[in-house]
Amino acid sequence: MPHSRIPESLVFGPGHALLDQTTGAPTQFADGDDPVRRFLLDDVATPWHSVEHQWGSGHLVTDRGGARWHTPADLRFTEAGPEALHTPLPGVRLVVRRAVHEDVLRESYTLENTAEDPLTVTGLGIQTPFADLYEGAEHSLERAVHAHLFTGGTWAWALAQPMSGQGRCLGLIVREGALGAYSVESRNLNSHSNARGHLVLLVTDRARNPEAFGGQPELRLGPGESYTLVWELGWYASVAEFTAATRPPAVLSAYAAELGEPIVVEAPSVSSPDPALKVEEDTAGRHRVQASRHGSYTLDLGAGARTEVLFHLPLEMVVRRRVAYVTRNQRARERPGLLAHAFVPVDTRTGLTQAANGWADWTDGSERIAMPLLLQTATARGWADPEETGPLLDGWSRFARRYLLDDSAAPRRGSQHWHTGPRLYDTPWLARFFHDRHAATGREDELDLAARILERSFELGGAGHLSIGLSPTTLAVCAALDATGGADRADRLRGQLVDSAREFVRMGRRLPAHEVNYEQSIVAPLLDLLVDAHTLTGDPGFLDAAAERLPWLLSFGGPQPHARLHGVAVRHWDGYWFGANRLWGDVFPHYWSALTAATLHRLPAPLRTADTDRLAEAIWRANLANYREDGSATCAFVLPSTVDGRAAHTADPLANDQDWHLVLWMQTAM
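Quick look at the structure, then.

## Digging into the nonpolar core
As a rule of thumb, nonpolar side chains are buried together in soluble globular proteins. Judged by nonpolar contacts, the single largest core of 151 residues is most densely connected at V265, L299, F311, V319, W396 and Y518. In terms of residues, this core owes the most to one element, helix α10 (residues 520–537), which gives 9 residues. In this structure V265 touches A250, V251, L252, V270, R286, H287, V289, L299 and L301, once residues within four positions along its chain are discounted. Of all hydrophobic cores here, the second largest spans 61 residues; its members include V96, A178, V203 and V568.

Structure (structure tokens):
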């Protein structure tokens, strides 16, 4: 018999779901051992969180029109649990049921065509507003979660992992039906860079982006027919425990491989809609998958499961082609004097270089420093012709001295005068360029400038700023100073580096905000700093501090069995800041995810394992998806099918700052 009153919570396993008395839907999930952590957004801490985005609300797009559902037409509590009836459109019923089975919360969404005419569904999404946001490092580590999503058809799940990398995870696993995509809502200048937005799990997003995630299905329901999606929510002590519970229908030997090398897949059946992908089954029932050209490919596995694999050119070939493309297409030749030696973004659709237009992330400095570093590192490795790159690097060196550094050796954001004030992020990149130039030319003034840039960085507060590459670059410059009679100068720099590490150990979780309150590109430099301080001093406290913080870094990446996602850190703002489309939303892979790979590669023996090496390799290879066979590239592949209703799952046409991945990989391997 139904009951009139909805309970305040449903207990499942060691946690519970708090229920809304009007909708019967969860408003929060709570872990009994970690009651402070928020697994879902709420309107108290997140003003832009509204009722339309409550867990279990959703939207529907059909040939009869579109609608959202939230407040049920009827709500009752049965012996099994809450049951909500929605009537979003005439002749359409949606019944949402929630019940606890053993240690999991089981939710079912049944869409029924109650009319006498067929119903075609091209959009069906359910709100899952995981609390994936950055309110500051300490708050994030204690209270927030990373949401790792995998919408692989019948092989689909979501994992809400504490940002600390410690404690129980909340896992969602699809048990009936399928998820074909996910979208993001509330991603705009209001939510800005410190929030991922509202995440929506989609049965289909065909109405808004039919080609997303390898193609979106169309649901056809005859009179009286229905479609049911069922998922289970449970608590898991570890990521490994969760992935085992998903009951993977396939095992892949890798998610990315070099052209000519196979990916071996163990699954009942393997196919692809792309004719460039070749699948061969051996006598043991395993499938060897190979491709004839560089690119990402959809892979269909067994009964309705789907993922994506990547086959790529060798690293050397990618670098050579990218160097050729940059030198041909990304130089500011039209400008006068030294300004003509700058490297700038380019729109790969037209071949037009991108003017700064008053937009800091399109300048001829800052992240664009990756391009001269790419040329210089490739040349040092023998992957670029010094006869061709030499004059370009000489010109850029003079340009950088004149326009990217002030008289005190502090960095400027770009050559235009409206870029005022030093940007600490840029100091290690400029110092690395002049250090490497000294290594190539032997000129002492190049090394002196590299050292002065670092010294000026510390004067400006660099010891309290986790600049990307600061620690490894400082050690490289110090080694060069030692070799050229500058040992005293090197010792002072090393001392400042160690002092910085001691201060960050003392601060614990109270990391300072940078351009984003908290992010993976803060934690990776922090680990580099602690590891290097341990190397310099032998102090075991630094090693212990690195061990404590390593889970913070690893938790940014999820275990999705997907070439763009496996181990790749969540980053969700760069399509807007760096791209031409100005599109917010998850960027996968993002080149700064390579920082995780570089940091894992530099771990000392007590922390480095076969798993960290495997993960680093996967991240390096994943980022090769951002380059094309002709040497062009994208600065941001925005993964969700839609972002605030705009079609995404697309590569931004601007080649801008993605070359840091190649630079880091080459530097690490040298």
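## Observations concerning the sheet that holds strand β18 (residues 251–252)
Reading across from one edge, β18-β20-β23-β22 is the order of the 4 strands in this open sheet, with antiparallel pairing throughout. Edge positions in the sheet fall to β18 and β22 (277–281), since each has one partner strand and no second. Here strand β20 (residues 263–266) pairs with strand β23 (residues 286–291) via 4 bridges, running antiparallel. Paired with E266 across the bridge in β23 is R286.

## Some remarks on the sheet that holds strand β24 (residues 295–301)
Across the sheet, 4 strands lie side by side as β19-β25-β24-β21; this open sheet has mixed pairing. Looking at which strands have only one partner, the edges of the open sheet turn out to be β19 (256–258) and β21 (270–271).

## A word on the packing of aromatic side chains
What the rule picks out here adds up to 31 aromatic pairs. When the ring of W577 is compared with that of W584, the centres are 5.8 Å apart and the planes differ by 85 degrees; the resulting orientation is edge-to-face. Members of the aromatic cluster, joined through ring pairs, are F12, F29, F39, W55, Y109, F130, W231 and W235. Between R564 and the ring centre of F637, over which it is positioned, the NZ or CZ distance is 3.7 Å. Its guanidinium or amino end placed over the ring of W359, R582 lies 3.6 Å from that ring's centre, counting from NZ or CZ.

## So, the side chain of D426
The residue D426 is located in helix α6 (residues 426–441) in this model. The exposure class of D426 is buried, given its relative accessible area of 0%. Among the polar contacts made by the side chain of D426, one reaches the side chain of S366 at a distance of 2.8 Å. Those residues in contact with D426, other than ones at most four positions away along the chain, are S366, P411, R412 and R413.

## Focus: the pattern of salt bridges
Applying the stated rule across the entire model yields 54 salt bridges. In this structure, R196 and D132 form a salt bridge, with 2.8 Å as the shortest nitrogen-oxygen distance. With R196 in the loop between β14 (181–185) and β15 (198–204) and D132 in the loop between β10 (119–127) and α1 (137–143), this pair connects stretches of sequence that are 64 residues apart. A relative accessible area of 2% means that D132 is categorised as buried. Across the salt bridge formed by D300 and R306, the nearest N and O atoms sit 2.8 Å from each other. Here the salt bridges share partners, and the residues they tie into one network are D394, R398, R401, R437, R443, D445 and E446.

About the thresholds
- Residues numbered from 1 in each chain as written.
- Predicted model: local features only at pLDDT ≥ 70, side-chain atom pairs only at ≥ 80, totals over all residues.
- Heavy atoms only, no water.
- Core = buried A, V, L, I, M, F, W, Y, C linked by side-chain atoms within 4.5 Å.
- Buried < 20%, exposed > 50% of the residue type's maximum accessible area, 1.4 Å probe, protein only.
- Helix = DSSP H or I, 4+ residues; strand = E, 2+ residues; numbered from the N terminus.
- Contact = heavy atoms within 4.5 Å.
- Pairing = 2+ DSSP bridges.
- Phe/Tyr/Trp six-rings, centres within 6.5 Å; stacked < 30°, edge-to-face > 60°.
- Lys NZ or Arg CZ within 6 Å of the ring centre and 35° of its normal.
- Polar contact = N/O pair within 3.5 Å; in protein donor to acceptor, adjacent residues only side chain to side chain.
- Salt bridge = Lys/Arg side-chain N within 4 Å of Asp/Glu carboxyl O.

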